[in-house]
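# Fold and contact review
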Amino acid sequence: MLEQPLPLQRIGKTFLLPESGFQDVVETEKSPSFFQELGEIRLKPARFCSRNIHFKSRNTRKDLRRSDPSAEQIHTALRQKRFQNSPRRWAFPKCHPRRVQEGLHELDITKKDDVERVITEFRPDFVIHAAAQRFPDKVDSDPDAARRLNVDATGYVVDAAAKVGAPVLYISTDYVFDGKGETAYTVHDKPNPINLYGQTKLEGEVVTLKCPENSVLRIPVLYGPVLDLKESAVTCLLQPLLMTTKVAYVSHLERRCPSHVDDVALVCLQLANARKDKTVSGIFQWCGEEKMTKYQMVLKMAEVFSIPHSHVKPEMKLGASATRPLDPQLDCSRLKQLGFGQHTPFAKGIYDVLCSWVSLNIHVVPDIRPYTVPTNKP
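Below: a short report on this structure. All residue numbers refer to positions counted from 1 along the written sequence of the respective chain. For a predicted model such as this one, the threshold for reporting local features is a pLDDT of at least 70, and the threshold for listing and counting side-chain atom pairs is 80 or more; totals across whole chains, interfaces and linings nevertheless cover every residue. No hydrogens and no water enter the side-chain calculation; it runs on all heavy atoms of the structure.

This part is about unusual backbone geometry. Residues apart from glycine generally show negative phi values, whereas peptide bonds are mostly found in trans. The residue Arg123 is not glycine, and still its phi comes out positive at about 45°. By the element assignment, Arg123 lies in the loop between α2 (112–122) and β5 (124–129). Exposure remark for Arg123: the relative accessible area of 43% places this residue in the partly exposed category. With a phi close to 55°, Ser306 is a non-glycine residue in the positive phi region. Any residue under 20% of the maximum accessible area for its type is buried, any over 50% is exposed, and the rest in between are partly exposed; the area is computed with a 1.4 Å probe on protein chains only. Accessibility expressed as a relative area gives 54% for Ser306, which makes it exposed. Numbered from the N terminus, helices here are DSSP runs of H or I no shorter than four residues, and strands are runs of E no shorter than two.

What follows is the structure in structure tokens.
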């Protein structure tokens, strides 16, 4: 244990870039334990002996003001559930603009010189790059800003990491596929994105893989602990379910394989720990094992929490927003052959994530009656 802090450039680290725009970084004496309230990280002062560093984004740009909830959830799971139990040492920042505290450093990853300067100074061992504008509608409304973040900034991170010999794990999406296939998409299938978001993420993959030691991890829609139900395309479905006096139509067309952020975090950890194995590179894919439409997810939530759902109706028409693939299920066999990954059953995962929201739903949306969460955990 060092009595005085080492300069950051003298400590081996790993970076995590989990949101849109600006990034914050902090180091701690040791990995924090899991706190029940999301974001409750008690950082120890000034006596550092960190092995790794994660990045956190804080976005103040108008065109990218909202952070990427999926990447935010990955980051939270990494720090809380997975990396704390690793034999390696990890350091974690606050994980959301609303939870920023003193002791963090900012980096705008859309500025090439700043990215190169910071990565050269910190000299990371490994970079997990999950920063993205991942809302398809927002990508369509400002494609130039989205391309700067999803493609150009990825190039800056990859180039800077290569100069210090740090492999990059780039978090991508199942939206690189058109969703028209009859079977799950393998890592060998040719991507064919049908919206601009998927196209920019695919271009980010190409940029990442120009360095043979780098990796891409494609993932589906995620769910996990949230501060706002709207942070996830899965958790947001609880709100119409709780509003039992209002008829709601929920899509029963697009099929998804939702994955718990803990499962994705475990895969990230396993890939990071295997980075010295030159065969563990290239494209990897992970998704949940249960395929559901959003309407079926709502029904599962209703079953888990014993909430009436007759007011929720299946919507069989496509919306007017950006086109989404109908069934982009990912084949996970490459990771499974390595013995990597785990699957959290949706019923169990959604109970853990939403039980407090259901118990306190009077604070979630107005004019709804409270429900009692079932005591029998799935």
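Turning our eyes to something else, we now look at the packing of aromatic side chains. Centres within 6.5 Å make a pair out of two Phe, Tyr or Trp rings, where for Trp the six-membered ring is used; the pair is then stacked when the planes are under 30 degrees apart, edge-to-face when over 60, and tilted otherwise. Taken as a whole, this structure holds 4 aromatic pairs when the rule is applied. Measuring from centroid to centroid gives 5.3 Å for Tyr223 and Phe346, while their planes differ by 65°, and the two rings are edge-to-face. A residue pair is termed long-range when its members are at least 10 positions apart, and Tyr223 in strand β8 (residues 222–223) and Phe346 in helix α10 (residues 346–359) qualify at 123 residues. When the centroid spacing of 5.7 Å and the interplanar angle of 15° are considered together, the rings of Phe305 and Tyr351 count as stacked. Taken together, the residues Phe305 in helix α8 (residues 294–305) and Tyr351 in helix α10 connect sequence positions 46 residues apart. Here, a charge over a ring is recorded when the distance from Lys NZ or Arg CZ to the ring centre is within 6 Å and its angle to the ring normal is within 35 degrees. The aromatic ring of Phe135 is capped on one face by Arg134, whose charged end is 4.4 Å from the ring centroid. The ring of Phe135 has Lys138 lying over it, and the distance from NZ or CZ to the ring centre is 4.8 Å.

Let us now look at the side chain of Glu254. As for its placement among the helices and strands, Glu254 is situated in the loop between β9 (248–251) and β10 (255–256). Only four residue types enter the tally: Lys and Arg on the positive side, Asp and Glu on the negative side, with His and both chain ends excluded. Salt bridges are defined as contacts in which a side-chain nitrogen from Lys or Arg sits within 4 Å of a carboxyl oxygen from Asp or Glu. The side chain of Glu254 is buried and forms no salt bridge, while Arg256, the nearest opposite charge, is found at 5.2 Å. Residues adjacent in sequence count toward polar contacts only when both atoms are side-chain atoms; beyond that, a polar contact is any pair of N or O atoms within 3.5 Å, and within protein one must be able to donate a hydrogen and the other to accept it. A polar side-chain atom of Glu254 sits 2.5 Å from a polar atom in the side chain of Ser251.

Let us look at the pairing of β5. In terms of residue burial, β5 counts as a mostly covered element, since 5 of its 6 residues are buried. Any two strands are treated as partners once DSSP identifies two or more bridges connecting them. Pairing between β5 and strand β6 (residues 168–173): 3 bridges, direction parallel. Following the sheet pairing, Ile128 is matched in β6 by Leu169.

A few words now on the packing of helix α4 (residues 143–163) against helix α5 (residues 196–208). Angles run from 0 to 180 degrees between N-to-C directions of axes, and those axes are lines fitted to C-alpha atoms, restricted for helices to the stretch in contact. With their axes 9 Å apart at the nearest point, α4 and α5 run at an angle of 15° to one another. Taken together, α4 and α5 sit at an angle that is classed as roughly parallel. Crossing of α4 against α5: the hand is right-handed. Of the residues in α5, those in contact with Pro143, Arg147, Asn150, Val151, Thr154, Gly155 and Val158 of α4 are Leu196, Tyr197, Thr200, Lys201, Glu203, Gly204, Val207 and Thr208. Residues are grouped as follows: Ala, Val, Leu, Ile, Met, Phe, Trp, Tyr, Cys and Pro are nonpolar; Asp, Glu, Lys and Arg are charged; all remaining types, including Gly, are polar. Tallied by class, the residues present in the contact of α4 with α5 amount to 6 nonpolar, 6 polar and 3 charged. Roughly parallel means an angle under 35 degrees; roughly antiparallel, over 145; roughly perpendicular, 65 to 115; everything else is oblique. Each crossing is labelled by how the near helix is turned from the far one, with a counterclockwise turn of less than a right angle marking it left-handed and a clockwise turn marking it right-handed. Two residues qualify as a contact provided that any one of their heavy atoms is within 4.5 Å of a heavy atom in the partner residue.

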